[in-house]
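One letter stands for each residue in the lines below.
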Amino acid sequence: MYTLYYSPSTAALAPHWMLIEIGAPFELVLTDTATGAHKQPEYLKLNPAGVVPTLIVDGAPMCESTAICMLLAERHPEKALAPAVEAPERAAYLQAMVYLANTVLPAFRAWFYPHEPAGRDAAEDAQAAARSRIEAAWDRIDAQLAAGGPYLLGEKLSAADFMATMLMRWSRNMPRPATAWPNIARYLGRMRAMPSLREVHAREGLTDWIDG
Ligand SMILES: N[C@@H](CCC(=O)N[C@@H](CS)C(=O)NCC(=O)O)C(=O)O
C-alpha cells in the first residue's frame, strides 16, 4: 500500500499515473500547493523541500518525482516499465530519466518560478532562458523519436514515457508547446490513448489537454 501526497497538475502526475497503470493499491492525499498545504510543518517532515510529490513506501517518505517513478517500475517488474539491469535498453533508460530530471524538469521549474534563479528583477530573462532550454529538449526528443520510436526507448513503453509526457503536458500554454514538434505530437497521440492517462486526468480534475 502506497500513499501519494499530490497537488493537481504538478510533478505528482507521473507517479500518480504510474500507480494507476500498475494497478497498485494507494491512498491519495491532496496537498494543495494553491493553499500552501505543502509548506505546513507536518508535510515538511515528509518532504523538507516543501514540494510535491511525496510517496510513502512501507511507512517511509520518498521525494523526487523521477526517483519515485523509477522505484515504482522496479517494485512492479511484472509491468515491465523499466529495462532490466542487463537489458540493452538499460543505458538509454537511465540516460533518459536523468536527462528529464536534471535538465528538463529544472528548466520547467525556472519557467514556472522565474524569480528563483536570480531574483524578481531577472525573472524575464530567466524565463526566456528556460524557454530556450525547454525547446532545445523538444528538439532533442523529437529527433530521438524520429530515429526510433514509437516510445522514448524504442519499442517498449517505460517510466521515461510517463515523465516525458507529464513534462510535455506542462508546455501546453507555452508559446511553442511540445505538440508543435511533429514526432512529439505523434508520440503524444499514442500516450493520450492510454486509459490510465485519461484516468489520472479525471482523478486530478484536469479537463484540458487530454483530448488534444
Ligand atoms: N524535483 C522535484 C520538483 C518538485 C516540484 O517542483 N514540485 C512543484 C509542483 S510541480 C511544487 O511543489 N511547487 C510548489 C512550491 O515549490 O512551492 C520533483 O521532481 O519531485
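So, here's what we can say about the structure. Only a predicted model underlies this, so the values are computations on that prediction, with no experimental measurement involved.

**Points about the nonpolar core**
Okay, so step 1: Core analysis: the largest hydrophobic core is formed by 65 residues, its most contacted members being Met 18, Trp 138, Ile 141, Leu 167, Met 168, Ile 184 and Tyr 187.
Okay, so step 2: At 11 residues, the largest contribution of residues to this core is made by helix α4 (residues 90–112).
Okay, so step 3: There are two domains that each give this core at least three residues, and those are domain 1 (2–79) and domain 2 (90–203).
Okay, so step 4: Other than its neighbours up to four places away in sequence, Ile 141 contacts Tyr 99, Leu 100, Leu 152, Met 168 and Ile 184.

**What about the layout of surface pockets?**
Okay, so step 1: Each pocket or cavity is described by its volume, and for the largest pocket that value is around 780 Å³.
Okay, so step 2: Taken together, 29 residues form the lining of the largest pocket, with Ala 11, Val 52, Arg 109, Tyr 113 and Trp 170 sitting closest to its centre.
Okay, so step 3: Going through the elements one at a time, α3 (65–75) and α4 are the ones with two or more residues in the lining of the largest pocket.
Okay, so step 4: Its residues assigned to classes, the lining of the largest pocket shows 15 nonpolar, 9 polar and 5 charged.
Okay, so step 5: Shared between two domains, the lining of the largest pocket takes at least three residues from each, and those domains are domain 1 (2–79) and domain 2 (90–203).

**Details of the sheet that holds strand β2 (residues 26–30)**
Okay, so step 1: Sheet architecture is open: 4 strands sit in the order β2-β1-β3-β4, paired in mixed fashion. Edge strands, defined here as strands with exactly one partner in the open sheet, are β2 and β4 (60–63). Neighbour to neighbour, the strand axes of the sheet diverge by 25° on average, direction disregarded.
Okay, so step 2: The pairing of strand β1 (residues 2–6) with β2 spans 5 bridges and is classified as parallel. Paired with Tyr 5 across the two strands is Val 29, which belongs to β2.
Okay, so step 3: Packing against the sheet, α3 makes contact with β1, β3 (54–57) and β4, and its axis sits at approximately 120° to β4.

**Some details on the site of the ligand**
Okay, so step 1: As a structural note, the neighbourhood of the ligand is formed by 14 residues, with His 38, Glu 64, Ser 65, Arg 109 and Tyr 113 the closest of them.
Okay, so step 2: Note that an oxygen atom of the ligand is positioned 3.5 Å from one of the side-chain N or O atoms of Lys 39.
Okay, so step 3: The contact in question runs from a nitrogen atom of the ligand to an N or O atom on the side chain of Glu 64, over 2.7 Å.
Okay, so step 4: Contact with the protein chains removes 85% of the 510 Å² of surface that the ligand exposes when unbound.
Okay, so step 5: When atoms are counted within 2 Å of each cavity's grid points, the one that captures over half of the ligand is the largest pocket.
Okay, so step 6: For the shell around the ligand, a count of residues per class yields 7 nonpolar, 4 polar and 3 charged.
Okay, so step 7: Looking at which domains feed residues into the shell around the ligand, each of domain 1 (2–79) and domain 2 (90–203) supplies at least three.

Parameters at a glance
Residues numbered from 1 in each chain as written. Predicted model: local features only at pLDDT ≥ 70, side-chain atom pairs only at ≥ 80, totals over all residues. Heavy atoms only, no water. Core = buried A, V, L, I, M, F, W, Y, C linked by side-chain atoms within 4.5 Å. Buried < 20%, exposed > 50% of the residue type's maximum accessible area, 1.4 Å probe, protein only. Helix = DSSP H or I, 4+ residues; strand = E, 2+ residues; numbered from the N terminus. Domains from an automatic or database assignment. Contact = heavy atoms within 4.5 Å. 1 Å grid on protein atoms, 1.4 Å probe; cavity = no way out; pocket = protein on both sides within 12 Å on 5 of 7 lines; lining within 4 Å. Points joined across faces, edges and corners; volume = space filled by probe spheres on them. Nonpolar A, V, L, I, M, F, W, Y, C, P; charged D, E, K, R; others polar. Pairing = 2+ DSSP bridges. Axes fitted to C-alpha atoms, helices over the stretch in contact; angles between N-to-C directions. Near = heavy atom within 4 Å. Polar contact = N/O pair within 3.5 Å; in protein donor to acceptor, adjacent residues only side chain to side chain. Areas by Shrake-Rupley, 256 points an atom, 1.4 Å probe, with all protein chains shown as cover. Sits in = over half its atoms within 2 Å of the grid points.

Keep in mind that these numbers describe shape and distance, not what the molecule does.
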